[in-house]
Amino acid sequence: MAFWRALLGYEDRANSPEDLIDPHRRGAAFYFQQMDAPRPQRNRVHVDVWVPYDQAEARIAAAIAAGGRLVSDAYAPSHWVLADPEGNEACVGIAGWIDPGPRDR
């Protein structure tokens with residue numbers, strides 16, 4: 001939960017240890033259910049999170065501090081791949097244009 005809360009920028013829903021909600025009420029709520037036994041499948045869930053360029057570094061740092069890990073930064077600064085403690089992956093992408101300087105025409 002801590003990883004997903006940090007990654008999504010969501011909050012706990014009042015009176016629920018299993019629900020996360022968007023504090024701005026724009027995104028879908030997430031419900032987490034603890035599984036009885038580990039499942040060997042890769043990526044039981046995969047979420048893409050789009051954030052403004054100036055918020056990406058902080059969002060990634062918060063998700064890693066909350067128990068996640070960096071899987072790949074091969075496409076940075078366009079997007080990064082993270083994983084929660086169980087190996088479920090999530091991408092943090094940049095919303096909008098990143099201006100790296102003059103473009104080839």
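Presented here is a report on the structure given in the accompanying data block. (Residues numbered from 1 in each chain as written. Predicted model: local features only at pLDDT ≥ 70, side-chain atom pairs only at ≥ 80, totals over all residues. Heavy atoms only, no water.)

## Notes on helix α2 (residues 53-65)
Buried within α2 we find Ala 56, Arg 59, Ile 60 and Ala 63. End-on view of α2: buried residues confined to an arc of 100°, all on one side of the axis. Opposite the buried face of α2, by more than 90 degrees, sit the exposed residues Asp 54, Glu 57, Ala 58 and Ala 65. Summarising the contacts, the buried residues of α2 are in contact with α1 (2-8), β4 (47-52), β6 (79-83) and β7 (89-95). Following α2 by one or two positions, Gly 67 has its phi on the positive side, about 110°. (Buried < 20%, exposed > 50% of the residue type's maximum accessible area, 1.4 Å probe, protein only. Helix = DSSP H or I, 4+ residues; strand = E, 2+ residues; numbered from the N terminus. Arc of directions from axis to C-beta. Contact = heavy atoms within 4.5 Å.)

## Quick word on the environment of Ser 78
In this structure, Ser 78 sits in the loop between β5 (69-75) and β6. Taking the C-alpha atoms as reference points, Ser 78 and Tyr 53, separated by 25 residues in sequence, lie 8.7 Å from one another.

## Quick notes on the layout of surface pockets
In this structure, the second largest pocket occupies an estimated 180 Å³ of space. Forming the walls of the second largest pocket are 13 residues, and the residues nearest its centre are Leu 8, Asp 22, His 24, Arg 26 and Arg 59. The greatest single-element share of the lining of the second largest pocket, amounting to 3 residues, is contributed by β4. Residue classes in the lining of the second largest pocket are distributed as 6 nonpolar, 4 polar and 3 charged. (1 Å grid on protein atoms, 1.4 Å probe; cavity = no way out; pocket = protein on both sides within 12 Å on 5 of 7 lines; lining within 4 Å. Points joined across faces, edges and corners; volume = space filled by probe spheres on them. Nonpolar A, V, L, I, M, F, W, Y, C, P; charged D, E, K, R; others polar.)

## Let's talk about the sheet that holds strand β2 (residues 19-21)
The strands that make up a sheet pair up through hydrogen bonds in the backbone, lying either parallel or antiparallel. If you trace the 3 strands from one edge of the open sheet to the other, you get β1-β2-β3, paired in antiparallel fashion. In this open sheet, the two strands that pair with only one neighbour each are β1 (11-12) and β3 (30-31). Here 2 bridges tie β2 to β3, and the two strands are oriented antiparallel to one another. Paired with Asp 19 across the bridge in β3 is Tyr 31. (Pairing = 2+ DSSP bridges.)

## Re the packing of aromatic side chains
Within a pair of aromatic rings, the relevant descriptors are the distance that separates the centres and the angle that separates the planes. Enumeration over the complete set of coordinates arrives at 4 aromatic pairs. Taking the centre distance of 6.4 Å and the plane angle of 35° together, the rings of Trp 4 and Phe 32 count as tilted. Separated by 28 residues along the polypeptide, Trp 4 in helix α1 and Phe 32 in the loop between β3 and β4 bring together distant segments of the chain. For Trp 4, a relative accessible area of 4% translates into the label buried. Between the aromatic rings of Tyr 10 and Phe 30, the centroid separation amounts to 5.8 Å while the plane-to-plane angle is 70°, which identifies the pairing as edge-to-face. In this pair, Tyr 10 is assigned in the loop between α1 and β1 and Phe 30 in strand β3, connecting sequence segments 20 residues apart. Overall, the relative accessible area of 23% leaves Phe 30 in the partly exposed class. In this structure an aromatic cluster arises from ring pairing among Phe 3, Trp 4, Tyr 10, Phe 30 and Phe 32. (Phe/Tyr/Trp six-rings, centres within 6.5 Å; stacked < 30°, edge-to-face > 60°.)

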